[in-house]
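Understanding the architecture of this molecule
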Amino acid sequence: MDFIYPPATYAQAIQEETNTEDVVRRIRFSGNDNIKDRTLTTLVRTRTNREFLSIPRFTPWYFIWKTTNGRFGEEPAYLSREVVGNDMERIALYYESLGFLDVNVDTSIVEYRTDRVEVSFIIEEGPAYQIETVSYSGMPNFSDPQKKFNFLQGSALTRGRINDTTYTVNQQYSSQQLSTEQQRIITFLKNNGYASIQRDSVIALVKDDTTQAHTLDVLYLINAGKVYEFGDVRIRLSDAEPPVNFTQKDTLRGPPHTTDSTLTIILEKEPGTRTKFSLLSDQILFKPGERYNHSLYLETVNEFQNLGMLYIQRFSQSENQTQPDFSQDMIPTYFDLQTLTKHSISAELFGMKRYGYGTGFGVDYNNNNVFGNAENLTIGANASFEFVSPSVLEEIDPTATQSSVFRSYELSADYSVPRLNFPFNALDNRPGFTSGVTRYLLTYTRSDQLLFDINSDVGFNIRYEVNHTPIFSSYLDLVELDVVDTSPSDAYIRNLREEFGSDTLQDGTIVDAFELQRILEDFNPQVSSIIRYSFRSQNTDIIKRNRGYYSEYSVSLGGNIPYLIDNYITTPDTLEGNLPALFKLSNNSLSYSRFVKLSADYRRYYPISENGVFAWRLYGGFAHPYGGSTSIPLNRRFFAGGSNDIRGWAPFQLGPGDISTENVNIPGGEIKLAAFMEVRQTFISNFLGANWYAALFADAGNIWYGPRNDFRDENNEDRLEQGRFRFDNFYNQIAVGSGPGIRLDWEYIVVRFDFTFRLHDLQAGWLNNKQLYFSFGIGHSF
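Here we summarise the structure given alongside this text.

Basis of the calculations
- Residues numbered from 1 in each chain as written.
- Predicted model: local features only at pLDDT ≥ 70, side-chain atom pairs only at ≥ 80, totals over all residues.
- Heavy atoms only, no water.
- Helix = DSSP H or I, 4+ residues; strand = E, 2+ residues; numbered from the N terminus.
- Buried < 20%, exposed > 50% of the residue type's maximum accessible area, 1.4 Å probe, protein only.
- Contact = heavy atoms within 4.5 Å.
- Polar contact = N/O pair within 3.5 Å; in protein donor to acceptor, adjacent residues only side chain to side chain.
- Phe/Tyr/Trp six-rings, centres within 6.5 Å; stacked < 30°, edge-to-face > 60°.
- Core = buried A, V, L, I, M, F, W, Y, C linked by side-chain atoms within 4.5 Å.

So, on to the environment of Gln 771. Here Gln 771 is to be found in the loop between strand S32 (765–766) and strand S33 (772–778). Here Gln 771 falls in the partly exposed class, since its relative accessible area comes to 44%. C-alpha separation for the pair Gln 771 and Phe 757, spaced 14 residues apart in sequence, amounts to 6.5 Å. Setting aside residues no more than four positions away along its own chain, Gln 771 makes contact with Thr 756 and Phe 757. There is a polar contact of 3.3 Å between the side chain of Gln 771 and the side chain of Tyr 773.

Enumeration over the complete set of coordinates arrives at 33 aromatic pairs. Seen from their ring centres, Tyr 136 and Tyr 220 are 5.7 Å apart, and the 10° between their planes marks the pair as stacked. One end of the pair, Tyr 136, is in strand S4 (residues 130–137); the other, Tyr 220, is in strand S7 (residues 215–222), with 84 residues separating them in the sequence. Each member of the pair, Tyr 136 as well as Tyr 220, is classed as buried.

With that out of the way, let us pick up unusual backbone geometry. Residue Pro 243 follows Pro 242 across a cis peptide bond; omega there is -5°. With respect to the element layout, Pro 243 can be found in the loop between strand S8 (229–238) and strand S9 (248–253). A cis amide bond, omega 5°, links Pro 255 with the succeeding residue Pro 256. Along the polypeptide, Pro 256 turns up in the loop between S9 and strand S10 (264–269). The phi angle at Asn 369 is positive, at roughly 65°, despite the residue not being glycine.

Turning our eyes to something else, we now look at the nonpolar core. Counting 26 residues, the largest nonpolar core has Ile 235, Phe 304, Phe 335 and Leu 337 as the members making the most contacts within it. Breaking this core down by element, the ones donating at least two residues are S8, S10, helix H7 (277–282), helix H8 (294–306), strand S11 (310–316) and strand S12 (330–339). Per element, the largest residue contribution to this core is 4 residues, and it comes from S8. When neighbours within four sequence positions are excluded, Leu 337 is seen to be in contact with Ile 235, Arg 236, Leu 237, Ser 238, Leu 280, Phe 304, Leu 310, Tyr 311, Ile 312 and Gln 313. Counting 25 residues, the second largest nonpolar core, distinct from the first, contains Phe 151, Leu 157, Ile 185 and Ile 222.

Okay, structure coming up:
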């Protein structure tokens, strides 16, 4: 529909139409067989008032505005014919970008009630045009002819080869795909010496194929320019204190730093930076004199950023920050850097909910660039206190009448360097390994739990972290060693003694039953070690989690370090199955287990409306002891329940199998399966600085004992049968929790409130538990 006005009255007509009292209550699309309404809705600027939970025409904020005479709520979404006209153009351009070059878009505006209108966009899509062939003109040749062939053959456009420069395509026209191919050509040539190539150096000509209707041929005209080499490099590092005075200087000339002695790398720094020159030169991934490669230039910038002890004030290929001088054969490079504050202390105060409500505080000291090679040392201390009500304690102790305070303490020292150390130093700065980090972590933890307390957990970890690409990353824990001392709670032991019985000697000594002694072995001091490799792939915003995916896959091998010490050092040629206490601080020996552990975690996020997300997650884990071991160390098992796991159950309170909490003989399991689903939709925007989301979620899953976890009583009956994984019964032991929730989404943090009903309570059955369980969390649950 076209709106035509005499030139003299055009501005006045637009103003009058913009000020119309017609309120847009409905927006419809018709004829859009190939494009979904949801997609077109995101294109147009014509809007109705905000709908609650995307329910059509349910606009409570507009209703509030009407009932309060405009004092509160949301103003009406008035009709603007100018905006409608622009929306028609947007829809047409979008269709044309997808190959519908003959598309026609019209509108129909109907007043179905006084001052209430429906805007309909009427679309005649027409046929979708196909690209028949693509040709490349001006692509330079290389010393290796296969390089050019491989590049052209690797295009998403090319199919069969007609000749050296022309390929069949047979795909629907897409302007985005043509633009992507243009950028691919530019990137390829920039990485092979053609530094001066720009977007206007590669032009795509599209013409009709006269032999077939609705068919196109594409020709890329390429003006590559000449080949360039890297020139001199200058790096300046200043401290944070003025004035700037570069009194320390060094010049690197000739191999191995440059290709010949006429080229240089000039290093300048202030004494206050306390940084070694070698650290700066080691970040350069190219040599002056080599053929220009733009990716190596940008990766060098990333190398400096990843050091973590400085920020980049300027990086340029011209001293005066203009475009490089392409009249020369070599392109120089300039880096101006500044160190960050060396010493810093930070503190935080936080709230928490695990079994009850609590608070905590933490203090961290950070030493940046410890020895002048970008080393980082962080020493931290955290403490938290949690108030646990009698109703929670009753789940394991029916006689509990008083509340309790659970305490947790943690001390940690984290030393990291921004490179791969031995034995992987040979991989450092190789393709795909340009952002490696080596981390050494020492921790001490003490915490109160519901079933048991962790008296002490001393851990040491050597970890290698690599971001291969912006999406893919790897983590290798070469050594993860834990020495754990736990003790079961008094109520837990009392329940076990009531179940299995005990005898009291004349001197008052309590002699526990055989079964109870077997269970308590789990709480003896243990040493566990793991070698673990994890691969992570993600393209989602780690805070918003509103599109894309996240996945992590891990394989671990445990117990080999204690095994080697046991078999070859403490008792050569004799396998004891335990180690003496460290430094003879205790008469208790340290037990250990050998095991393999696998886990897979996949999460997906789909936008379902302009402000809505559908998310799901699948998790699976399996651990299996071997080499004479029959169980997994307590701190390496799988557990279920909690605000970030299966909601409706507190941490460690679900499973194994359908064993109730008070009857759990051996906590934790060797198998875990879980599935999660959540729908989130904005219902209030920018209130108290946050977007408010309404959520509906469902979580399902459980943990089970594995086949080798054997625990039999004096009658040789399996005490773990109810919690053991069976293919013919595990689906009956899947716990299900579901309910509504609220998310407060600020820019850098998400606060979460969830209200869960146990749809399948493993003790009460399906829909028999009417209790509502509340949980609180920071960040999305997955």
